[in-house]
Structure formats: C-alpha cells, structure tokens
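Close look at the chain arrangement
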Amino acid sequence: MRKSILIINENVDEARKIKERLVSAYNDVECVTSIHDAVNLFVNMDFTLVILDANMSMEDDHKLLKVMRKAKRNGNIKVNQVHIYILS
C-alpha cells in the first residue's frame, strides 16, 4: 500500500530536495509552499506523514493543526494515522 507524504515548505528548492529523497515505489509525495495549499490538500487526501518547515509562522502552524483536529473530530482521520515532523 502506498503512503502519502505532504511537504510544506516556503522554499521550493528545499521542498524539492526533500521530495527527491522520499519518492519511491511506496510513497506519493506532494509539495506545497503555503498553509492555504496544505489545508486544501489535507482535507481532500489521506496523508500518513506531514513534514512542516519550522520557519513557517506560528499562525500558519495553528491553522493547519486546527484543520487536522477538526478532521479527527469528524472521523476523517485517526490520531495514529498522521505523523507530523517539523524541520528547521
């Protein structure tokens, strides 16, 4: 079963480097440069892993977490299904 990974990074080159390391026959990797795009993808796709740039604003971080919590409450995701890593 393929896993879906979401990379959120304002730096397109850095996101591309991370994506190149993670792409495989077992992973689908999506890259976005804004929380707005991340939220749109997150509500429409199932992700196993979210990699978030530590340089994103705290306000943006909170927007994404709010959407994730809402999806959890609505039963769209389970807590142990999505892992979040913050890279600096």
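Residues numbered from 1 in each chain as written. Predicted model: local features only at pLDDT ≥ 70, side-chain atom pairs only at ≥ 80, totals over all residues. Heavy atoms only, no water.

1. Considerations on the overall build of the protein
- For the protein, the helix and strand inventory stands at three helices and four strands.
- Secondary structure elements of the protein, listed N to C terminal, follow the sequence β-α-β-α-β-α-β.
- For the protein, buried positions account for 35% of its 88 residues.
- Of the contacts formed within the protein by residues at least 6 apart in sequence, a portion of 65% connects residues at least 24 apart.
- In the form shown here, the protein has an accessible surface area of approximately 6,000 Å², with 50% of it arising from carbon and sulfur atoms. (Helix = DSSP H or I, 4+ residues; strand = E, 2+ residues; numbered from the N terminus. Buried < 20%, exposed > 50% of the residue type's maximum accessible area, 1.4 Å probe, protein only. Contact = heavy atoms within 4.5 Å. Areas by Shrake-Rupley, 256 points an atom, 1.4 Å probe, with all protein chains shown as cover.)

2. Details of the packing of aromatic side chains
- Scanning the entire structure with this criterion turns up one aromatic pair.
- Relative to Phe47, the ring of Phe42 lies with its centre 6.5 Å away and its plane at 10 degrees, an arrangement referred to as stacked.
- A relative accessible area of 4% means that Phe42 is categorised as buried.
- Take Phe47: its relative accessible area is 4%, and that puts it in the buried class. (Phe/Tyr/Trp six-rings, centres within 6.5 Å; stacked < 30°, edge-to-face > 60°.)

3. Focus: the pairing of strand S3 (residues 49-53)
- S3 sits mainly inside the fold: five of its five residues count as buried.
- Here S3 shows no split at all, with Leu49, Ile51 and Asp53 on one side and Val50 and Leu52 on the other all buried.
- By the bridge criterion, four bridges tie strand S1 (residues 3-8) to S3 in an arrangement that is parallel. Each bridged residue has a counterpart across the sheet, and for Leu6 the counterpart in S3 is Val50. (Pairing = 2+ DSSP bridges.)

4. A look at the confidence of the model for the protein
- Within the protein, residue pLDDT values average 82, and 83% of them lie at 70 or more.
- Mean pLDDT across the elements of the protein bottoms out in strand S4 (residues 83-87) (66) and peaks in strand S2 (residues 27-32) (93). (pLDDT = per-residue confidence, 0-100.)

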